[in-house]
Amino acid sequence: MELRVRALEARLSENGYIDPAALDVLIDAYQTRIGPRNGAQVVARAWVHPEFRRWLLQDATAAIASLGFAGRQGEHMTAVENTPDVHNMVVCTLCSCYPWSVLGLPPTWYKSAPYRARAIKDPRGVLREFGVELPQTTQIRIWDSTAEVRYLVLPQRPAGAKLLSERELANLVTRDSMIGTGLPKSP
Amino acid sequence: MTYRSHADLGGQDVPGAIVQEPEGESFHAPWEPRVMALVVAMVPTGMSNIDMNRSVRETLPNYRDLSYYEIWFAALEKLASQKGVLSDAPPPPKQVLRADTVLATIKKGSPTSRPASSLARFSVGDRVRTAAAPAEHHTRLPGYARGKVGVIDTVHGVHVFPDTNARGLGESPQWLYTVKFDARELWGENAQAPYSIVSVDAFEPYLEPA
């Protein structure tokens, strides 16, 4: 693969289609600037500021953009809130649609056949694989991202996190808790 | 020729565990970030659109044997060669992504919403039935949600229609809805209690009143 990729890159560069220096900047951006810590800031803000939470649930694209996270694969955002009664989980059964602007690049399992096949049919089984056991009374809602809307799960604020600052709260927010396959860490 | 997507996996029996991965572990081989960046950098060149890319990926005969970045690479190679981009006389690119415009380009993204030129046919709460027949081309209605009755949950406005855009037939923008289904409607007696709700984002041409 290494050689084939290099050959294609060289040819596209030679033909004036790509600038290798731009590729370096792109890779750096997705390794250092655009990842799940962005989403964690959004979640922590919503936990602390009721007005931001309302805005996020009404117009996620604008609310998220106000924190500086906008653009590619986050152009049309929807935030879905977990409550004691409802647990949300996100999948893309057709490919690998994922909210890059807030979560970065998707983990391999999110793009894998087993997750895409099972998440919609056996969500409790999938959650068990992730070590999450929900009460039988909690309804699970699975969002299959089949168009260009991208979903961010707003997890429940962990109990006992009252005295934490927004930044400390953000540290409790895991990537998986924003996909819905995990829960935030306990303080 | 019959169109066959190998990517429509929802609800299928797929063996194997879901292998978890720590945060920040985006790549597993040195060529993977290059492929990601190549695919993103090719967007402004206008060689193809996202729906064409998805269509080429999902019809790769060995789709199920490839890793995700291998799929991206194989589709990129195929499209580039189909579009003459690798030839000695390539068509000129629309725009080339430069290092100093990368961050602004990412931030801008490529919104798919378009102005509405018609009224939405459905409103929140309406019962709808999805198209039953498999499409003979790229589509975004997954197989498990074909011929099912659901309820409109959200009206998202008008968006580029992948079914035409993937075939180079234009954007033909359509109303987009989130449609929710009860697990029992989707899986019948195989549905597992307590029943969950599954939703898909469906374009208006996929839907009829129920």
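Residues numbered from 1 in each chain as written. Chains lettered and ligands numbered in written order. Predicted model: local features only at pLDDT ≥ 70, side-chain atom pairs only at ≥ 80, totals over all residues.

S.K.: Quick question: what am I supposed to make of the overall build of chain B here?
M.R.: In terms of regular secondary structure, chain B is built from six helices and six strands. When the helices and strands of chain B are placed in sequence order, the string is α-α-α-α-β-β-β-α-β-α-β-β. Expressed as lengths along the three principal axes of its C-alpha atoms, the size of chain B is roughly 55 × 45 × 40 Å. Residue burial in chain B is summarised as follows: out of 210 residues, 40% are buried. (Helix = DSSP H or I, 4+ residues; strand = E, 2+ residues; numbered from the N terminus. Buried ≥ 20, exposed ≤ 12 C-beta atoms within 10 Å, placed from the backbone.)

S.K.: What is the right way to look at the overall build of chain A in this model?
M.R.: Helix and strand counts for chain A stand at eleven helices and four strands. In terms of overall dimensions, chain A has C-alpha extents of about 60 × 35 × 30 Å along its principal axes. Across the 187 residues of chain A, 55% fall into the buried class.

S.K.: Any chance you could explain unusual backbone geometry here in plain terms?
M.R.: One can expect most non-glycine residues to show negative phi and most peptide bonds to be in trans. Cis geometry is found at the peptide bond from Ala193 of chain B to Pro194 of chain B, where omega equals -10 degrees. Within the secondary structure layout, Pro194 of chain B lies in the loop between helix H6 (183-187) and strand S5 (197-203). If you check the backbone angles, Gln73 of chain A has positive phi at about 60 degrees while not being a glycine. You can see Gln73 of chain A is positioned in the loop between helix H5 (60-65) and strand S1 (76-81).

S.K.: What is the right way to read the interface of chain A and chain B from this model?
M.R.: A common way to report how large an interface is uses the accessible area buried once the components associate. If you look at the interface, chain A gives 66 residues, while chain B gives 69 residues. Of all elements in the fold, only helix H1 (2-14), helix H2 (20-33), helix H7 (108-111), helix H8 (113-118), helix H9 (123-129) and strand S3 (139-144) of chain A reach the threshold of two or more residues within the side of chain A that touches chain B. Examining the composition of the side of chain A that touches chain B, we find that nine residues originate from one element, H2 of chain A, more than from any other. Here the side of chain A that touches chain B is composed, by residue class, of 34 nonpolar, 16 polar and 16 charged. Bridge count between S3 of chain A and S5 of chain B: four bridges; the pairing is parallel. (Contact = placed C-beta atoms within 7 Å. Nonpolar A, V, L, I, M, F, W, Y, C, P; charged D, E, K, R; others polar. Pairing = 2+ DSSP bridges.)

S.K.: Explain helix H1 (residues 31-42) of chain B here, please?
M.R.: In an α-helix, one turn spans 3.6 residues, which is why side chains three or four residues apart end up on the same side. Under the 1.5 Å per step criterion, the end-to-end length of H1 of chain B is 17 Å for twelve residues, consistent within 8% with the ideal 16 Å. Most of H1 of chain B sits out of view: eleven of its twelve residues are buried. Every buried residue belonging to H1 of chain B is among Trp31, Glu32, Pro33, Arg34, Val35, Met36, Ala37, Leu38, Val40, Ala41 and Met42 of chain B, and all of these are buried. Packing partners of the buried residues in H1 of chain B comprise H1 and H2 of chain A together with helix H3 (68-82) of chain B. (Expected span 1.5 Å × (residues − 1).)

S.K.: When you look at the packing of H1 of chain A against H1 of chain B in this model, what are you seeing that I'm missing?
M.R.: The relative placement of two packed helices is expressed as an angle between their axes plus a distance between the axes. Where H1 of chain A contacts H1 of chain B, the two axes come as close as 10 Å, and the packing angle between them is 30 degrees. Like other packed secondary-structure pairs, H1 of chain A and H1 of chain B cross with a definite hand, here left-handed. Note on element contacts: H1 of chain B touches H1 of chain A through Trp31, Arg34, Val35 and Leu38 of chain B, opposite Glu2, Val5 and Glu9 of chain A. Here the contact of H1 of chain A with H1 of chain B is composed, by residue class, of four nonpolar, no polar and three charged. (Axes fitted to C-alpha atoms, helices over the stretch in contact; angles between N-to-C directions. Left-handed = near helix turned anticlockwise from the far one by under 90°.)

S.K.: What should I look at first to understand the domain arrangement of chain B in this one?
M.R.: All names here are of chain B. Here chain B is partitioned into domain 1 (31-108) and domain 2 (113-209). Opposite the five residues of domain 1 that make contact, domain 2 presents four residues. Grouping the constituent residues of the side of domain 1 that touches domain 2 by class yields one nonpolar, two polar and two charged. (Domains from an automatic or database assignment.)

S.K.: Help me understand the confidence of the model for chain B, please; the structure alone is not making it clear to me.
M.R.: Any segment with low pLDDT has predicted coordinates that should not be analysed in fine detail. On average, residues of chain B carry a pLDDT of 96, and 100% of them reach 70 or more. For this predicted complex, the interface score ipTM comes out at 0.97, while the overall pTM is 0.97. (pLDDT = per-residue confidence, 0-100.)

S.K.: Teacher, can you tell me more about the environment of Ile50 of chain B here?
M.R.: Note that Ile50 of chain B resides in helix H2 (residues 50-58). Distance in space between the C-alpha atoms of Ile50 of chain B and Val96 of chain B is 17 Å, their sequence separation being 46 residues.

S.K.: What is the right way to look at the environment of Pro134 of chain B in this model?
M.R.: Residues and elements named next belong to chain B. Along the polypeptide, Pro134 turns up in the loop between strand S2 (127-130) and strand S3 (149-159). Pro134 sits in the partly exposed class, given 15 other C-beta atoms within 10 Å. On a C-alpha basis, the gap between Pro134 and Lys180 in space is 20 Å, while along the polypeptide they are 46 residues apart.

S.K.: Sorry if this is basic, but what is going on with the packing of H1 of chain B against H3 of chain B here?
M.R.: All names here are of chain B. Put simply, H1 and H3 touch, their axes get as near as 10 Å, and they point 45 degrees apart. The angle between H1 and H3 falls in the class oblique. By crossing handedness, the relation of H1 to H3 is classed as left-handed. For the pair H1 and H3, contact is made by Glu32, Val35, Met36, Leu38, Val39 and Met42 and by Tyr69, Trp72, Phe73 and Leu76, respectively. In terms of residue class, the contact of H1 with H3 is built from nine nonpolar, no polar and one charged. (Parallel < 35°, antiparallel > 145°, perpendicular 65-115°, else oblique.)

S.K.: Mind showing me how you'd approach helix H3 (residues 36-48) of chain A here?
M.R.: Residue and element names in this part refer to chain A. With 13 residues, H3 extends 19 Å from end C-alpha to end C-alpha; this agrees with the ideal 18 Å at 1.5 Å per step. The buried fraction of H3 is high, at eleven of 13 residues. Every buried residue of H3 is listed here: Pro36, Asn38, Gly39, Ala40, Gln41, Val42, Val43, Ala44, Arg45, Ala46 and Trp47. Of the surrounding elements, those touching the buried residues of H3 are helix H4 (50-58), H5, helix H6 (100-103), strand S4 (149-154), helix H10 (166-170) and helix H11 (175-179).

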